[in-house]
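Close look at the chain arrangement
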Amino acid sequence: MLKKELRQKYKELRQGLTPEAIEDKSLAIANRLLQLDIWDKTYYHLFLSIEEQKEIDTEFILQILAGKDKEIVVSKSDFATLGMTHYLLTDNTKLKKNEYNIPEPVDGLEVPVTKIDVVFVPLLAFDLKGNRVGYGKGFYDKFLSQCKPDTIKIGLSFFEAEDKIEYISDNDIQLDFCVTPNKLYFF
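The structure reproduced in this document is the subject of the present report. Bear in mind the structure is a predicted one, so any value in this text is a computation, not a measurement.

**Describing the environment of Asp 40**
Structurally, Asp 40 is set in the loop between helix H2 (19-33) and strand E1 (43-45). Residue classification places Asp 40 among the exposed residues on the basis of a relative accessible area of 58%. Considered as a pair, Asp 40 and Thr 81 are 41 residues apart in the sequence and their alpha carbons are 33 Å apart.

**Digging into the pairing of strand E2 (residues 71-78)**
Note: E1 against E2, three bridges, orientation parallel. What sits directly across from His 45, in E2, is Val 73. With helix H3 (residues 59-67) bridging E1 and the parallel E2, this β-α-β connection has right-handed handedness. Bridging between E2 and strand E3 (residues 83-88) involves six bridges; their strand directions are antiparallel. Bridging from a neighbouring strand, Val 74 pairs with Tyr 87 of E3. Linking two consecutive strands that pair antiparallel, namely E2 and E3, is a turn of four residues; a positive phi of about 60° is found at Leu 82 within it.

**Some remarks on the packing of aromatic side chains**
Within this structure, the stated rule accounts for eleven aromatic pairs. Their ring planes at 15° and their centres at 5.8 Å tell us that Trp 39 and Tyr 44 sit as a pair that is stacked. On the accessibility criterion, Trp 39 (15% relative accessible area) is buried. Taken together, Tyr 10, Phe 158 and Phe 159 form an aromatic cluster joined through their ring pairs.

**Focus on helix H4 (residues 139-146)**
Regarding H4, the residues found buried are Phe 139, Tyr 140, Asp 141, Phe 143 and Leu 144. For H4, the elements touching its buried residues are E1, E2, E3, strand E6 (118-121), strand E8 (132-133) and strand E9 (152-156).

**Things to note about the sheet that holds E3**
Reading across the sheet, the seven strands line up as E3-E2-E1-E6-E9-E10-E11 and stay open at both edges, with mixed pairing between neighbours. Of all strands in the sheet, those with a lone pairing partner are E3 and strand E11 (184-186), marking the two edges. Here the average twist between neighbouring strands, direction ignored, is 25°.

**A few points about unusual backbone geometry**
Phi is positive for Lys 54, which is not a glycine, with a value near 55°. Position of Lys 54 among the secondary structure elements: in the loop between E1 and H3. With a phi angle near 60°, Tyr 167 is a residue other than glycine that sits in the positive phi range. Topologically, Tyr 167 is positioned in the loop between E9 and strand E10 (177-179). Judged by its relative accessible area of 67%, Tyr 167 falls in the exposed class.

**Describing H2**
Along its 15 residues, H2 runs 21 Å from first to last C-alpha, staying within 8% of the 21 Å computed at 1.5 Å per residue. Within H2 the residues assigned to the buried category are Ile 22, Ser 26, Ile 29, Ala 30 and Leu 33. Burial along H2 is one-sided: seen end-on, the buried residues are contained in an arc of 100°. Exposed side chains of H2 directed beyond 90 degrees from the buried face belong to Glu 20 and Asp 24. Elements that come into contact with the buried residues of H2 comprise H3, E6, E9 and E10.

**Quick look at the pattern of salt bridges**
Within the structure shown, the criterion is met by six salt bridges. For Lys 3, the salt bridge is made with Asp 172, and the minimal N-O distance between the two is 2.5 Å. Of the two residues, Lys 3 is situated in helix H1 (residues 3-15) and Asp 172 in the loop between E9 and E10; the sequence distance between them amounts to 169 residues. A residue is classified by how much of its surface remains accessible, and Asp 172, at 17% relative accessible area, is buried. In this structure, the salt-bridge partner of Lys 9 is Glu 162, at a minimum N-O distance of 2.9 Å. Of this pair, Lys 9 sits in helix H1 while Glu 162 sits in the loop between E9 and E10, and the two are 153 residues apart along the sequence. Under the relative-accessibility criterion, Lys 9 is labelled partly exposed at 32%.

Conventions adopted
Residues numbered from 1 in each chain as written. Predicted model: local features only at pLDDT ≥ 70, side-chain atom pairs only at ≥ 80, totals over all residues. Heavy atoms only, no water. Helix = DSSP H or I, 4+ residues; strand = E, 2+ residues; numbered from the N terminus. Buried < 20%, exposed > 50% of the residue type's maximum accessible area, 1.4 Å probe, protein only. Pairing = 2+ DSSP bridges. Right-handed = clockwise from strand over helix to strand, strands pointing away. Phe/Tyr/Trp six-rings, centres within 6.5 Å; stacked < 30°, edge-to-face > 60°. Contact = heavy atoms within 4.5 Å. Axes fitted to C-alpha atoms, helices over the stretch in contact; angles between N-to-C directions. Expected span 1.5 Å × (residues − 1). Arc of directions from axis to C-beta. Salt bridge = Lys/Arg side-chain N within 4 Å of Asp/Glu carboxyl O.

Pasting the structure below:
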């Protein structure tokens, strides 16, 4: 399927999810993440969920990271440059929703991209080769292209993989893993 068609399909599928289903599936994804051999790293980048888009609730993953005493990094988006600035999440970090309802840090200690070891990547759909479809602005592809070559990229999805996403561009960055409530995908 084409990216545009996949965006529409998965936005509609998400809208059909109840708050209970989102919570159950989000918890299942967090528990399945524990099976991955990624917990010896230090800096973990986590997206904060856009509730209005019915995204995966990353609060469960946040609790795992905090419980394992990991450094948690969150981002602030710049829609003019399509870039992201990354901040260490601490007890003092103030979060505020931007105009797109993305919770973001107001300020804080900036973390260079080169320090980030693991990135949990939001997506709408993905395929069996690790290609993903996001919202279409390219924030994460730009961010991931700036990461170290060995940074681990983990997609999180309520739904299983598509066979193939058509017309992948050279700017698209593939995932290393994708985690769904029912399965781990390795690419």
